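# Inside the fold
Spelled out from the first residue to the last, the chains are:
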Amino acid sequence: MAVAILLVGGFGTRLMPLTKNTPKPMLTVAGVPVTEHQIAMAKAAGITEIVLATSYLSEVFTPYFGDGSKWGIKIRYAVEKEPLGTGGAIRNAAQLLDSNESVVILNGDVMSSHNLEEQIRQHEALDADVTLHLTQVQDARAFGCVPTDSNGRVTAFLEKMENPVTNQINAGCYVFNPRVISTIPLNTVVSVERETFPELVASGAKVFGYVENAYWLDIGTPRALLKASVDIVQRSGDFLAMPGSTIDPTAVISGGSCIGANSTVGAGAVIQGSIVEADCVIGQDSVIIDSFVAAGAEVENGAKIASSFVMNGEILTIP
Ligand code: GTP
């Protein structure tokens, strides 16, 4: 058995302006918040107790997730007045967990279908201090990389480089032995990636990699967020319409688009490869391609929009 902490308190600056009013983990992928996908993943791995480590726009999470009973899971909230960084957030949230069970940490901006249950099993079988999910990418230059030895033990945490020594990268899902979490200082800004992990490796702690190349995407940039949603929608069809949405029969929706709850799409509208959040009004004969329409926004009749963010009253090109 394990418990989990979801790190959902970052500013999400790379997704501005979408993250002006909505924290990154509450942006939707295939119609539901990224965090909800992660809760489902944790539950499928047998986890029944989760703490959401919140800070930026913390008030947005509670009304949606409540006590977790809707998902059959117990959810509590740790709120940092000032963001404590990933390590400080884990230490702060762990105070709400009163158990000796393994603690799973999920970065709140990753969509992954790896086998979390197996990652926990390996961690416990090896009596590891920390076990990190590592994924192998084609081009690791954009990532810090994490080499391991022949036993799967992590040997270093390396910053981004032109000629990476391995294509294994930190995939943002960790299993911690709880006694290791208690060594992180309280109420202090700490980064697990830049401080805790390298320090653990340097001190000879048992830090292992769990390598699995299942579907994995960091949704930290607009194009990645769109891709995640399109990928998931396309697993079961050409588009997805959430309950309560109304789509005129002459509208053409395709390319893995998702139409959020209570949104309406007018006659003759064309929507391709896009995310339309909840409560939007999409005007007649408008064309929306590879774009985001933020919750509650309106698109005028006949508008032509491509690779853009649509907020109420403003349309911005995706960088
Ligand atoms: P950018 O500003 O665009 O880099 O996004 P970010 O602020 O989310 O940072 P990053 O992608 O590095 O964060 C990885 C994960 O950790 C995300 O799920 C964040 O929500 C979370 N996170 C980052 N910093 C903090 C923090 O200080 N406190 C908490 N609770 N979570 C954090």
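My aim in this report is to walk through the structure given alongside it, one point at a time. Model, not experiment: these values are computed from the prediction.

### Details of helix α4 (residues 116-125)
For α4, the full list of buried residues reads L116, Q119, I120, Q122 and H123. With its buried residues spanning 160 degrees around the axis, α4 presents them on a single face. Of the surrounding secondary structure, the elements contacted by the buried residues of α4 are β1 (2-7), α1 (34-44), β6 (102-107), β8 (130-136), β9 (168-176) and β10 (207-211). Between the side-chain oxygen at the start of α4 and the backbone nitrogen of E117 there is a gap of 3.3 Å, and the oxygen is on N115. Of the residues trailing α4, D127 is marked for its positive phi of about 50 degrees.

### Considerations on the site of the ligand
Near the ligand lie 19 residues; those nearest to it are L7, T13, E80, G85 and G108. E80 is positioned such that a nitrogen or oxygen atom in its side chain is 2.7 Å from a nitrogen atom of the ligand. In this structure, D109 approaches the ligand through a side-chain N or O atom, which is 3.0 Å from an oxygen atom. Burial of the ligand by the protein amounts to 81% of the accessible area it has alone, namely 610 Å². Here the shell around the ligand gets three residues from one element, more than from any other, and that element is helix α3 (residues 85-94). Of the residues contributing to the shell around the ligand, the split by class is seven nonpolar, eight polar and four charged.

### Structural notes on the sheet that holds strand β14 (residues 252-254)
Read from one edge of the open sheet, four strands run β14-β17-β20-β23, paired in parallel fashion. Lying at the two open borders of the sheet, with one neighbouring strand each, are β14 and β23 (304-306). Strand-to-strand, the axes of this sheet are offset by a mean angle of 0 degrees, without reference to chain direction. With three bridges joining them, β14 and strand β17 (residues 270-272) adopt parallel strand pairing. Of the residues in β17, the one forming a bridge with I253 is I271.

### Some details on the packing of aromatic side chains
Both the distance between ring centres and the angle between the ring planes are used here to describe each pair of aromatic rings. The tally for this structure, following the rule as stated, stands at ten aromatic pairs. With a centroid separation of 4.8 Å and an interplanar angle of 70 degrees, the aromatic rings of Y64 and F65 are classed as edge-to-face. Joined through ring pairs, the aromatic side chains of F157, Y174, F176 and F197 make up one cluster. Lying over the aromatic face of Y64, K70 brings its terminal NZ or CZ to 6.0 Å of the ring centre.

### A short note on the pairing of β1
Counting buried positions along β1 yields six of six residues, so the element is predominantly enclosed. Where burial is concerned, the two faces of β1 agree: the one with A2, A4 and L6 and the one with V3, I5 and L7 are both buried. Pairing of β1 with β6, which is carried by six bridges, proceeds in the parallel orientation. By the bridge assignment, I5 is partnered in β6 with I105.

### Considering the side chain of H114
Tracing the backbone through its elements, the reader meets H114 in the loop between β7 (110-112) and α4. Residues within four places of H114 in sequence aside, it is in contact with M41, Q119, H133, C173, Y210, E212 and A214.

What counts as what
- Residues numbered from 1 in each chain as written.
- Predicted model: local features only at pLDDT ≥ 70, side-chain atom pairs only at ≥ 80, totals over all residues.
- Heavy atoms only, no water.
- Buried < 20%, exposed > 50% of the residue type's maximum accessible area, 1.4 Å probe, protein only.
- Helix = DSSP H or I, 4+ residues; strand = E, 2+ residues; numbered from the N terminus.
- Arc of directions from axis to C-beta.
- Contact = heavy atoms within 4.5 Å.
- Polar contact = N/O pair within 3.5 Å; in protein donor to acceptor, adjacent residues only side chain to side chain.
- Near = heavy atom within 4 Å.
- Areas by Shrake-Rupley, 256 points an atom, 1.4 Å probe, with all protein chains shown as cover.
- Nonpolar A, V, L, I, M, F, W, Y, C, P; charged D, E, K, R; others polar.
- Pairing = 2+ DSSP bridges.
- Axes fitted to C-alpha atoms, helices over the stretch in contact; angles between N-to-C directions.
- Phe/Tyr/Trp six-rings, centres within 6.5 Å; stacked < 30°, edge-to-face > 60°.
- Lys NZ or Arg CZ within 6 Å of the ring centre and 35° of its normal.

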